[in-house]
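A structural walkthrough
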Amino acid sequence: MVSRMHPVPAWIRELPKAELHVHLDGSLRPETMLELAVDAGAALPASDARGIAAALLVRDARNLEEYLDRYRITLALLQSRDALRRVARELVHDVAADSTRYVEARFCPALHTPAMTEAEAVDAVLEGLREGEVATGCVARLIVCGLRTLQADVSERMARVALDAASRGVVAFDLAGAEAGHPAKEHARAFEIAREGGLHRTCHAGEGYGPASVTQALDDCHAERIGHGTRIAEDPALVERVRRERIPLEVCVTSNVHTRVVADPAVHPVRRYHDEGLVVTINTDGRLMDGITLVDEYATAHASLGFDADALRSVARNAARNTFLAGAEREAFLDRFENELDEHAARYPADREHDATLATDDAAQAHPETERP
Ligand SMILES: [Zn+2]
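Let me begin by describing the structure that accompanies this report. (Residues numbered from 1 in each chain as written. Predicted model: local features only at pLDDT ≥ 70, side-chain atom pairs only at ≥ 80, totals over all residues.)

Before going further, it helps to spend a moment on the overall build of the protein. A count of helical and extended segments in the protein gives 18 helices and eight strands. Taking 373 residues into account, the globule formula puts the C-alpha radius of gyration at 21 Å, and the protein, at 19 Å, falls close to it. Referenced to the eigenvectors of the C-alpha coordinate spread, the extents of the protein come out at roughly 55 × 50 × 45 Å. A burial count over the protein gives 51% of its 373 residues as buried. Considering only contacts within the protein whose residues lie at least 6 apart along the sequence, 74% involve residues at least 24 apart. (Helix = DSSP H or I, 4+ residues; strand = E, 2+ residues; numbered from the N terminus. Rg over C-alpha atoms; globule rule 2.2 N^0.38 Å. Buried ≥ 20, exposed ≤ 12 C-beta atoms within 10 Å, placed from the backbone. Contact = placed C-beta atoms within 7 Å.)

In structure tokens form, the structure reads like this:
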């Protein structure tokens, strides 16, 4: 299992959260991988769950490309509808355990052919997400990804596959994959197809490449949110634009350390972006690949970047307000979420957060009812 770098205070564990950026194929349970490997006849880098978790945890990648290489191992296990449905269902159960009330999982259906059609892959994942949602109450939706490293026509097909399932839980189109040398504007038509069909758009940018990549995502691809956006700090005018236009950033702190975009969580620019009024959210990217949960990421933001209870509530609110839910569903979710945030603020006021932080040791975690201030 994941070993925590910081003791996690109850107020962080109980804070209601929403996750906007998590890759399905980067978030498998190691125990499940063992079983899927038998079914798939696939080889794994270790023979027990602990070994698999260690082998898949990307701490030694030199760059984003090496990080992405790990996905070949998980993708080999996800070449059946049953496997996709299972990992989608389990992801919702796992994020719900982090007090996550809403999750947008993402994956690229083209990576699951010819074992099934791309539409079948989407349906299998949607089915698993729905099962997880019914069982946990955590609302789960899907983002379909194109990949920068594949041909533009594949991205266009992914946008159409996404549109076809828009009424069943697909909320957006995304472009993922190696950023350097693979400009987003080459995939602009896919984003156009999504936009014309009324589908939301987000785009990985400003992670493996600099500010120009973010500008392309916004101007050529009409992205409404930016996946990462870590490197916008290199262009003050872009920071100002992202602030002024209130473009939400899907920040993934630990993942950025693993891909060497930042040297250490303590120097991640998300603190500065938050302080300057940008709309930041905090996400895992890959629970397995990054060896973290969303609770861990919020705890890292607290311990390494000084986000206090009010700041983390504001981050959680940013995520809840910038989901791709629509209409009555969106209103109902936001009502519930805001109520829960108010209750959390009453239980853990900012001026008493230090007391709450101190109430964290193994005994307190084993008896959560004893640690309320
Ligand atoms: Zn990502």
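Here T113 and P114 are connected by a cis peptide whose omega angle stands at 5°. Tracing the sequence through the fold places P114 in the loop between β2 (100–107) and α7 (118–136). You will see that R260, though not glycine, has its phi angle at about 65°, which is positive.

Looking now at the environment of I73. When you line up the elements, I73 lands in helix α5 (residues 71–77). The spacing of I73 and M33 is 40 residues in sequence and 9.6 Å in space, taken between C-alpha atoms.

Another aspect to go through is helix α8 (residues 152–164). When the terminal C-alpha atoms of α8 are compared, their 19 Å separation across 13 residues agrees well with the 18 Å that a helix rising 1.5 Å per residue should span. Every buried residue belonging to α8 is among S155, M158, A159, V161 and A162, and all of these are buried. Looking straight down α8, one finds that the buried residues subtend no more than 160° of arc, so they occupy a single side. Each element contacted by the buried residues of α8 is listed here: α7, β3 (139–147), β4 (170–176) and α9 (188–196). (Expected span 1.5 Å × (residues − 1). Arc of directions from axis to C-beta.)

Glancing now at the packing of α7 against α8. Contact geometry for α7 and α8: axes closest at 10 Å, N-to-C directions at 45°. With respect to their mutual orientation, α7 and α8 come out oblique. Relative to α8, the crossing made by α7 is right-handed. Between α7 and α8, the residues in contact are E118, A119 and V122 and R157, V161 and D164, respectively. Its residues assigned to classes, the contact of α7 with α8 shows three nonpolar, no polar and three charged. (Axes fitted to C-alpha atoms, helices over the stretch in contact; angles between N-to-C directions. Parallel < 35°, antiparallel > 145°, perpendicular 65-115°, else oblique. Left-handed = near helix turned anticlockwise from the far one by under 90°. Nonpolar A, V, L, I, M, F, W, Y, C, P; charged D, E, K, R; others polar.)

Contact pair helix α15 (residues 309–321) / helix α16 (residues 327–347): the axes reach a minimum separation of 10 Å and the direction vectors enclose 175°. The angle between α15 and α16 falls in the class roughly antiparallel. Across from R313, A316, R317, A320 and R321 in α15, the residues of α16 making contact are L334, F337, L341, H344 and A345. Its residues assigned to classes, the contact of α15 with α16 comprises six nonpolar, one polar and three charged.

Moving on: the sheet that holds strand β8 (residues 280–282). Spatial ordering of the open sheet is given by β1-β2-β3-β4-β5-β6-β7-β8, a layout of eight strands whose pairing is parallel. Two strands lie at the open edges of the sheet, namely β1 (17–23) and β8, each paired on one side alone. Each neighbouring strand pair of the sheet contributes to a mean axis angle of 25°, computed without reference to strand direction. As paired elements, β3 and β4 share six bridges and run parallel to each other. Paired with C145 across the two strands is D174, which belongs to β4. (Pairing = 2+ DSSP bridges.)

This next bit is on α7. The terminal C-alpha atoms of α7, which comprises 19 residues, lie 27 Å apart, in line with the 27 Å expected from a rise of 1.5 Å per residue. For α7, the full list of buried residues reads E118, A121, V122, D123, A124, V125, L126, G128, L129 and G132. If you follow the buried residues of α7, they end up packed against α6 (81–96), β2, β3, α8 and β4. G137 sits one or two positions beyond α7 and adopts a positive phi of about 85°.

Next up on the list: the pairing of β3. For β3, the tally of buried residues reaches nine of nine residues, placing the bulk of the element in the interior. Viewed along the sheet, the connection from β2 through α7 into β3 turns out right-handed. At this point the chain moves from β3, through α8, to the parallel β4, and the crossover so formed is right-handed. (Right-handed = clockwise from strand over helix to strand, strands pointing away.)

It is worth spelling out the pairing of β1 at this point. In the case of a regular strand, side chains alternate between the two sheet surfaces. The buried fraction of β1 is high, at seven of seven residues. Here β1 runs beside β2; their pairing, made up of five bridges, is parallel. When the sheet's bridge partners are listed, A18 is paired in β2 with Y102.

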